[in-house]
Amino acid sequence: QVQLVESGGGLVQAGGSLRLSCVASGLTFSRRTLGWFRQAPGKEREFVAAIRWNVGSTIYTDSVKGRFTISRDNAKNTVYLQMYRLKPEDTAVYYCAAKDPQANRDSYYYPNLYDYWGQGTQVTVSS
């Protein structure tokens, strides 16, 4: 059974930092693109970042560039999202996901490109 489990969420003040982790099992992790998405109350699920398997190429949505860093440790089957200078608008449930290897190789932004998802971890940023 494929399972992705996020951790590391919590409550922080604006300007603070958090590091999210996602541990995967039951799939060939090293050859998968991994992504982070977030969903705030009343809003659609939004792409945050992705990292490719081959040379660690990374992609970020504009609103988090310069503040968030995605990384992975294939030996630990783990993907991370390091978040700095958090803002209240970053408040959301954050999900990790594994991209379908048959999906468009040049696209990362759409949830339907990912075939496995974690249950999410809550990030709340207070002002």
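Check the entry above for the structure.
Notes on the structure in this doc start here.

Concerning the layout of surface pockets
Within this model, the largest pocket holds a volume of roughly 160 Å³. Taken together, Arg31, Arg32, Thr33, Arg52, Trp53, Lys99, Asp100, Pro101, Ala103, Arg105 and Tyr108 form the lining of the largest pocket. Across the lining of the largest pocket, the residue classes tally to four nonpolar, one polar and six charged.

Some details on the nonpolar core
By size, the foremost hydrophobic cluster in this structure holds 28 residues, and its most contacted members are Trp36, Leu81, Met83 and Tyr94. At the level of elements, strand S3 (18-25), strand S4 (34-39), strand S5 (46-51), strand S7 (68-73), strand S8 (78-83), strand S9 (92-99) and strand S11 (121-126) are the ones that each hand at least two residues to this core. The residues contacting Tyr94, other than those within four sequence positions of it, are Glu6, Leu20, Trp36, Phe37, Arg38, Val48, Phe68, Leu81, Met83, Gly120, Thr121 and Val123. Residues Phe37, Ala50, Tyr108 and Leu113 belong to the second largest nonpolar core, which totals nine residues.

Structural notes on the state of the cysteines
Evaluated as defined, the whole model comprises one disulfide. Residue Cys22 pairs covalently with Cys96 via a disulfide, S to S 1.9 Å. Where Cys22 bonds to Cys96 through sulfur, the torsion about that S-S bond is close to 50°, and the disulfide is right-handed. Pair noted here: Cys22 is in strand S3 and Cys96 is in strand S9, with a separation of 74 residues, a long-range link. The pair Cys22 / Cys96 is uniform in exposure class, with both members buried.

Regarding the sheet that holds S8
If you walk across this open sheet you meet the four strands as S1-S3-S8-S7, and the pairing is antiparallel. If you trace the sheet from one side to the other, it starts and ends with strand S1 (3-7) and S7, each paired once. Neighbour-to-neighbour, the strand axes of the sheet open up by a mean angle of 15°, direction not taken into account. As paired elements, S3 and S8 share six bridges and run antiparallel to each other. Paired with Cys22 across the bridge in S8 is Val79.

Here's the deal with the pairing of S8
For S8, the buried fraction is high: six of the six residues fall into the buried class. Relative to S8, S7 runs antiparallel, the two sharing six bridges. When the sheet's bridge partners are listed, Ser71 is paired in S8 with Tyr80. Once S7 ends, the chain turns through four residues before running back antiparallel as S8, passing Asn77 with a positive phi of about 50°.

Topic: the packing of aromatic side chains
In total, this model carries five aromatic pairs according to the counting rule given. Ring plane angle 80° and centroid distance 5.0 Å describe the contact between Phe37 and Tyr114, whose orientation is recorded as edge-to-face. Of the two residues, Phe37 is situated in strand S4 and Tyr114 in strand S10 (residues 114-117); the sequence distance between them amounts to 77 residues. The class for Phe37 is buried, based on a relative accessible area of 0%. In this structure Tyr114 comes out as buried when scored by relative accessible area, which is 5%. Relative to Trp117, the ring of Phe37 lies with its centre 5.0 Å away and its plane at 55°, an arrangement referred to as tilted. Within this pair, whereas Phe37 is found in strand S4, its partner Trp117 is found in strand S10, the two being separated by 80 residues in sequence. Aromatic rings pair up to connect Phe37, Phe47, Tyr109, Tyr114 and Trp117 into one cluster.

Cut-off values and rules
- Within each chain, residue numbers correspond to sequence positions counted from 1 in written order.
- Given that this is a predicted model, residues contribute local features only at a pLDDT of at least 70 and side-chain atom pairs are listed and counted only at 80 or more, while totals for whole chains, interfaces and linings are drawn from all residues.
- To get the side-chain values, all heavy atoms of the structure are used, and hydrogens and water are removed first.
- Lining residues are defined by having an atom within 4 Å of a point belonging to a cavity or pocket. Those points lie on a 1 Å grid over the protein atoms alone, cavities being sets where a 1.4 Å probe fits but cannot get out and pockets being open sets with protein on both sides within 12 Å along at least five of seven lines.
- Grid points are joined across faces, edges and corners, and a volume is the space filled by probe spheres set on the points.
- Here the nonpolar group is Ala, Val, Leu, Ile, Met, Phe, Trp, Tyr, Cys and Pro; Asp, Glu, Lys and Arg are the charged ones; every other residue, Gly included, is treated as polar.
- We call a set of buried residues a nonpolar core when its members are Ala, Val, Leu, Ile, Met, Phe, Trp, Tyr or Cys and they connect through side-chain atoms within 4.5 Å of each other.
- When a residue's accessible area, from a 1.4 Å probe over protein chains only, is under 20% of the maximum for its type it is buried; when over 50% it is exposed; and in between it is partly exposed.
- For the purposes of this entry, the term helix denotes a DSSP run of H or I that reaches at least four residues, the term strand denotes a run of E that reaches at least two, and both are numbered from the N terminus.
- Between two residues, a contact is recorded if the distance between any of their heavy atoms is within 4.5 Å.
- Cysteine sulfurs are considered disulfide-paired once they come within 2.5 Å of each other.
- The pairing criterion is simple: DSSP has to find at least two bridges between the two strands.
- Where helices are involved, their axes are fitted lines through C-alpha atoms of the stretch in contact, as for all axes, and angles between N-to-C directions lie from 0 to 180°.
- Note on ring pairs: Phe, Tyr and Trp rings are taken, using the six-membered ring of Trp, and paired if centres are within 6.5 Å. Classes follow the plane angle, with under 30 degrees stacked, over 60 edge-to-face and the rest tilted.

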